[in-house]
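Letter by letter, the chains look like this.
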Amino acid sequence: MAEVLENPTVTVIVISRDSPLQAHFCLWCLRHALVLSLPFCQCQVVLMDNGSRRPYPEFEFKRSMPMELIRLDRAACWAGLVNLGSRRYPADFYFILDQNILLSEQVLSGSMGFCRMQADAGVVAPVLLNPNGAIYQAGLTLTRTGPVAAEKGRWPQHKQTLPKEVQAVGGRCMLLRNEVLSDLGGLDETAGLAEVDLCLRARQCGWRVFCLQQYCALCVAPPNEETLDRSWSAMQKFRSRWVNRYTLDQL
Amino acid sequence: MIYYFLPGRGLFGGVKVAIQFIGLMSSLGVKIVAVLPDGKAPDWFVARAAVLAEEQVWPRLTADDWLMITWPPDYPRLKDRGKLVCHCQGTDELMDPIFADQNVPILSCWEQADEYVRQAHGRSTLKVGIAISDCFFHDGSIKWDNRVAYMPRRGWELIKACMKANRSLDYQPIDGLDEMAVSQCLKQSGLYLATSIGEQFGLPALEAMAAGCAVISVPVKGGTEYLRTGFNCLLGQPGELPELLAWLSEPAQTELRHLFRARAVATAHNYRLCGQRRRLARLLEQELSWLRC
């Protein structure tokens, strides 16, 4: 069980590729979220340029807010990026953010506050909303064939204001405790759906995974065909390792 | 950490009770995982428990960890591996060596198990309770008064005798189905025949009661705490079952059947998961605090 940290350090890992404009939007929203989280923690932002065809100009990003830029020549997988970011900028928590996620102001401070109260919360994530306000993902539901987005297409309801314990959450926006990474020896870069693999392995070590239904972030770009192709092969890999090795969630 | 050992993931009430117990404990902040020989999780009911393969446990095991057992053959092979705790789901003679071991704390699921351990071994147990899934509770869907649900896996001869004596009823077998399908089937049935002789608790009968079935059952060991003959069910010796079924299914007994169903649902509400969770939360504050490692 984790101790309650007085002033924890957080490394915010923003993953971006081929879209500096989108990265700017994402960082702009993040900046507002960081202001609210300042009393709780010390944050450091790391932007990972995941092998963009035109490398991101460092000065342009650093002008808007203090941050570090890691530029990769070739695109790496999500797990590889998180491992790299966490190794290079170690902290008590890692907040992982995709460029297509626009945070609401309370997400980071709220997630940190929740993790301080709930010492066994290893991984937490907010609800992701579509631009039309419907739910894009409120944690993941594990079915016989693999994970699917929970509550997808439904409208957020007032009663959904309590944290919901789930078996897995998506990796586009999540807060991860450093002790989880230490227990697991980092993320498995060979795993399909590394974020689900992370959550399931964390649960095997006694950590709990939560979807914080009271906080939401906007998902502005659903996966395109290229990512869908990738996720299909990732799903196959995931199934070969995990199918029948987790209990099923209520659909 | 608590490692709860299970012999397999088959369609057995004990597996479901164990996995649900793990889910509840885990939701209360106890570090607990299920351990199955091949690491494969049961897929016939909904639950939220982390699952490990047995080979994954041994390298992780520390002196602070608890090994939870429920299946008697696990006792001799695990007793030298670490601290044991027994989640008692039965009181047959195979369990006696576990009850006799003073170093193994006993968590009992129902009253009769606690009574047995106290009388036969002079020990007290911690009553952690037992629960049925919420999906079984009757939701007002159409119920066919003449439909008799039964599980042919145990007591098939008895069922055949009932069928022979009561040909006008509509019999609905429940076998090899997942929990959701079983619950749908029970919710649509008016009567339930519990024919498993020597059953420990009789979870299917309680699930049928939750689904609003009028239950006719053979005597069970632990089930006497919820099966009250003439009040919410009819209990009878195996030979009496065809007669009881004939009597209860008569048109003249319609009112009694409705009464049994209403009382059965009310009784089953005492076994909701939220109730067991509250009980566990209370125990974890006091008597079971040693499990929070």
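All values derive from a computational prediction rather than experimental measurement.

**Quick word on the overall build of chain B**
Line of reasoning, step 1. Per the secondary structure count, chain B includes 11 helices and 12 strands.
Line of reasoning, step 2. Its C-alpha atoms give chain B a radius of gyration of 20 Å, near enough to 19 Å, the size a compact globule of 293 residues would have.
Line of reasoning, step 3. With the C-alpha coordinates aligned to their principal axes, the bounding extent of chain B is approximately 65 × 35 × 35 Å.
Line of reasoning, step 4. Across the 293 residues in chain B, those meeting the buried criterion constitute 55%.
Line of reasoning, step 5. Sequence-distant contacts in chain B: of pairs separated by 6 or more residues, those separated by 24 or more amount to 59%.

**Comments concerning the domain arrangement of chain B**
All names here are of chain B.
Line of reasoning, step 1. If you check the domain split of chain B, you get domain 1 (2-131 + 273-291) and domain 2 (135-271).
Line of reasoning, step 2. Taken over C-alpha atoms, the centre of domain 1 sits 29 Å from the centre of domain 2.
Line of reasoning, step 3. Residue-level contacts link 19 residues of domain 1 with 14 residues of domain 2.
Line of reasoning, step 4. Contact between domain 1 and domain 2 buries roughly 1300 Å² in total, counting both sides, with carbon and sulfur atoms accounting for 55%.
Line of reasoning, step 5. Connecting domain 1 to domain 2 are two salt bridges.
Line of reasoning, step 6. Across the pair Glu 179 and Lys 16 runs a salt bridge, and its minimum N-O distance is 3.0 Å.
Line of reasoning, step 7. The tally of links between domain 1 and domain 2 comes to six residue pairs in polar contact (both at pLDDT 80 or more).

**Section: the nonpolar core**
Line of reasoning, step 1. Ranked by internal contacts, the top residues of the largest apolar core, which has 54 residues, are Tyr 3, Leu 186 and Tyr 192 of chain B.
Line of reasoning, step 2. For this core, the element with the highest residue contribution is helix H8 (residues 203-210) of chain B, accounting for six residues.
Line of reasoning, step 3. In this structure, this core is formed jointly by two domains, domain 1 (2-131 + 273-291) and domain 2 (135-271) of chain B, each of which donates at least three residues.
Line of reasoning, step 4. In this structure Leu 186 of chain B touches Phe 136, Lys 143, Ala 149, Ile 174, Tyr 192, Glu 207, Ala 208, Ala 211 and Cys 213 of chain B, once residues within four positions along its chain are discounted.
Line of reasoning, step 5. Ile 70, Leu 129, Val 166 and Met 174 of chain A belong to the second-largest nonpolar core, a separate cluster that totals 49 residues.

**Topic: the packing of helix H6 (residues 156-165) of chain B against helix H9 (residues 241-248) of chain B**
Residue and element names in this part refer to chain B.
Line of reasoning, step 1. Relative to each other, H6 and H9 sit at 45°, their axes nearing to 8 Å. The angle between the axes of H6 and H9 places the two elements in the oblique class. At the point where H6 passes H9, the crossing takes the right-handed sense. Contacts from Leu 158, Ala 161, Cys 162 and Ala 165 in H6 reach Leu 241, Pro 242 and Leu 245 in H9.
Line of reasoning, step 2. Grouping the amino acids of the contact of H6 with H9 by side-chain chemistry returns seven nonpolar, no polar and no charged.

**Brief notes about the interface of chain B and chain A**
Line of reasoning, step 1. Contacts between chain B and chain A engage 28 residues on the former and 18 residues on the latter.
Line of reasoning, step 2. Here chain B and chain A share an interface that buries about 2000 Å² over both sides, 42% of which is from carbon and sulfur atoms.
Line of reasoning, step 3. Summed over the three residues of chain B that lose the most area to chain A, namely Lys 31, Asp 43 and Arg 48 of chain B, the buried surface amounts to 29% of that side.
Line of reasoning, step 4. Joining chain B to chain A, the criterion identifies two salt bridges.
Line of reasoning, step 5. Scanning the region where chain B abuts chain A turns up 11 residue pairs in polar contact (both at pLDDT 80 or more).
Line of reasoning, step 6. Elements that contribute at least two residues to the side of chain B that touches chain A include exactly helix H1 (13-27), strand E3 (51-53) and helix H2 (54-60) of chain B.

**A few points about the pairing of strand E8 (residues 144-150) of chain B**
All names here are of chain B.
Line of reasoning, step 1. Direction of pairing for E8 relative to strand E10 (residues 189-194): parallel, over a ladder of four bridges. Considered in E10, the bridge of Val 148 is made with Leu 191.
Line of reasoning, step 2. The parallel pair E8 and strand E9 (residues 170-173), bridged by H6, forms a crossover whose chirality is right-handed.

Definitions and limits used
Residues numbered from 1 in each chain as written. Chains lettered and ligands numbered in written order. Predicted model: local features only at pLDDT ≥ 70, side-chain atom pairs only at ≥ 80, totals over all residues. Heavy atoms only, no water. Helix = DSSP H or I, 4+ residues; strand = E, 2+ residues; numbered from the N terminus. Rg over C-alpha atoms; globule rule 2.2 N^0.38 Å. Buried < 20%, exposed > 50% of the residue type's maximum accessible area, 1.4 Å probe, protein only. Contact = heavy atoms within 4.5 Å. Domains from an automatic or database assignment. Buried area = accessible area lost by both parts, 1.4 Å probe. Salt bridge = Lys/Arg side-chain N within 4 Å of Asp/Glu carboxyl O. Polar contact = N/O pair within 3.5 Å; in protein donor to acceptor, adjacent residues only side chain to side chain. Core = buried A, V, L, I, M, F, W, Y, C linked by side-chain atoms within 4.5 Å. Axes fitted to C-alpha atoms, helices over the stretch in contact; angles between N-to-C directions. Parallel < 35°, antiparallel > 145°, perpendicular 65-115°, else oblique. Left-handed = near helix turned anticlockwise from the far one by under 90°. Nonpolar A, V, L, I, M, F, W, Y, C, P; charged D, E, K, R; others polar. Pairing = 2+ DSSP bridges. Right-handed = clockwise from strand over helix to strand, strands pointing away.

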